[in-house]
Amino acid sequence: MHWIFIEEYTVKHWIMGKSNHLLAACLEQGPLRLEGITYYLRNGRVCARPSHHRKKKKLSEAERSATGRFTEVRKLWVMFRRALGDLSVWRVAAREEGASQGDTLFHRLNAGCIRSGEGVWCFPAFRFAAGSLDMPALRSAGREGEKVVLEWEVDEDRAGARWSDRVYVGYFHDADPRVPRLVVAEGVCRQDGGAALAIPPAEGVSEGPLHVYLFFGNEEGTRFSPSVYACV
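If you're wondering where the values come from, they're calculated on a predicted model, not measured in any experiment.

Engineer: Any chance you could explain helix α3 (residues 61–84) here in plain terms?
Structural biologist: Side chains of residues three or four places apart in an α-helix project in the same direction, reflecting 3.6 residues per turn. A rise of 1.5 Å per residue sets the reference length of α3, with its 24 residues, at 34 Å; its end C-alpha atoms lie 34 Å apart and thus fit the reference within 8%. For α3, the set of buried residues is G68, E72, V73, L76, W77, F80 and L84. The secondary structure elements touched by the buried residues of α3 are α4 (89–97), α5 (102–110), β6 (114–115), β7 (119–120), β10 (166–173) and β11 (176–189). G85 occupies a position one or two residues after α3 and carries a positive phi of about 60°.

Encoded structure:
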């Protein structure tokens, strides 16, 4: 037991019970740290333990960057789940790829396209969707007023590219790279070879380029294609 003087009393005598109530009264205001020992109350009983003052390790620049990127990917994943709603694109893709969860696969494919504090910065390499259906072969992409007009090649009707596959378009506003959005081409299927989609105005976002991602999904919503990118 360490001898630590507090005025005319010693901590040793307090703990031995001669003036324990005085120490207890002090500790009701919080722990007391003296000469390497911390005294505190637990269930009304005075306890002591060695004080440890370990300096927090300073993170390197690479560690700070990795931590910031991981946090940014997690934030974007939350926004993705909101944008996709009930569309189980990443859960299905994860099962097909043998990944444990959809967010695990999303992180694996997209982390390099995301920067801390910015969101998506490398739009062409970003994967809005993944899956085992045939990827769209985009012929052209443009804008007509408030609509995005897309055309794609139509191949033969087969298991990986059914003509009845539904058409989806994910997009980012160039000025808002942390908020993904999605529109469904209602009444349009892969066989049609093209679609014109109205893009709802985004409140508080200035007009500018759109980063769009075309992908397909089967009628049952159980398989999807990888997305293909265009800037319009």
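That covers the picture; the talk isn't over yet.
Engineer: Looking at this model, I keep getting lost on the pattern of salt bridges. Mind explaining?
Structural biologist: As a working rule, side chains carrying opposite charge can pair if their charged atoms are close by. Counted according to the given criterion, the structure contains ten salt bridges. Between R158 and D134 there is a salt bridge, and its shortest N-O distance comes to 2.3 Å. Of this pair, R158 sits in the loop between β9 (147–152) and β10 while D134 sits in the loop between β7 and β8 (138–144), and the two are 24 residues apart along the sequence. Residue class for R158 comes out partly exposed when judged on its relative accessible area of 30%. Its salt-bridge partner being R162, residue D157 comes within 3.9 Å of it at the nearest N-O pair. Overlapping salt bridges bring together D134, D155 and R158 as one network.

Engineer: Can you help me understand the sheet that holds β11 in this one?
Structural biologist: In sheet architecture, strand pairing relies on hydrogen bonds along the backbone and comes in two forms, parallel and antiparallel. The strand order across the open sheet built from four strands is β11-β10-β13-β14, with neighbouring strands paired in antiparallel fashion. Since the sheet does not close on itself, it has two edges, and those belong to β11 and β14 (228–231), each with one partner. Shown here is a sheet whose adjacent strand axes are inclined to one another by a mean of 25°, direction ignored. Bridging between β10 and β11 involves six bridges; their strand directions are antiparallel. Bridged to Y168 within β11 is V184. Sheet strands in contact with α3 are β10 and β11, and its direction is about 25° off that of β11.

Engineer: I keep staring at the packing of α3 against α5 and nothing clicks. Help me out?
Structural biologist: Axes are the key here: two packed helices are described by the angle between their axes and the distance separating the axes. Relative to each other, α3 and α5 sit at 125°, their axes nearing to 11 Å. Regarding the angle of α3 to α5, the classification is oblique. In the packing of α3 onto α5, the handedness of the crossing is right-handed. Contact residues: F70, V73, R74, L76, W77 and F80 in α3; G102, D103, F106 and H107 in α5. Residues belonging to the contact of α3 with α5 are distributed by class as follows: six nonpolar, two polar and two charged.

Engineer: I tried to follow the sheet that holds strand β12 (residues 194–198) on my own but got confused; where do I start?
Structural biologist: One open sheet holds the three strands; their spatial order is β8-β9-β12, and the pairing between them is antiparallel. With one partner strand each, in any of the chains shown, β8 and β12 form the two edges of the open sheet. When strand polarity is set aside, the average angle formed by the axes of neighbouring strands in this sheet is 15°. With six bridges joining them, β8 and β9 adopt antiparallel strand pairing. Following the sheet pairing, E144 is matched in β9 by K147.

Engineer: How should I be thinking about the pairing of strand β13 (residues 210–217) in this particular structure?
Structural biologist: In the case of a regular strand, side chains alternate between the two sheet surfaces. Across the eight residues of β13, eight count as buried, placing the element largely inside the fold. Side chains L210, V212, L214 and F216 of β13 all project onto a buried face; the interleaved residues H211, Y213, F215 and G217 project onto the opposite face, where all are buried too. Here eight bridges tie β10 to β13, and the two strands are oriented antiparallel to one another. In the strand pairing of β13, G170 is matched with Y213. As paired elements, β13 and β14 share four bridges and run antiparallel to each other. Looking across to β14, one finds that L214 is bridged to V228.

Engineer: Help me understand the pairing of strand β4 (residues 37–42) in this model?
Structural biologist: With three bridges joining them, strand β3 (residues 32–34) and β4 adopt antiparallel strand pairing. Counted as the bridge partner of R33 is T38 from β4. Here β4 pairs with strand β5 (residues 45–50) via six bridges, running antiparallel. Of the residues in β5, the one forming a bridge with L41 is V46. Linking two consecutive strands that pair antiparallel, namely β4 and β5, is a turn of two residues; a positive phi of about 55° is found at N43 within it.

Each value, and the rule that gives it
- Residues numbered from 1 in each chain as written.
- Predicted model: local features only at pLDDT ≥ 70, side-chain atom pairs only at ≥ 80, totals over all residues.
- Heavy atoms only, no water.
- Helix = DSSP H or I, 4+ residues; strand = E, 2+ residues; numbered from the N terminus.
- Expected span 1.5 Å × (residues − 1).
- Buried < 20%, exposed > 50% of the residue type's maximum accessible area, 1.4 Å probe, protein only.
- Contact = heavy atoms within 4.5 Å.
- Salt bridge = Lys/Arg side-chain N within 4 Å of Asp/Glu carboxyl O.
- Pairing = 2+ DSSP bridges.
- Axes fitted to C-alpha atoms, helices over the stretch in contact; angles between N-to-C directions.
- Parallel < 35°, antiparallel > 145°, perpendicular 65-115°, else oblique.
- Left-handed = near helix turned anticlockwise from the far one by under 90°.
- Nonpolar A, V, L, I, M, F, W, Y, C, P; charged D, E, K, R; others polar.

By themselves, these are just geometric observations and shouldn't be taken as functional.
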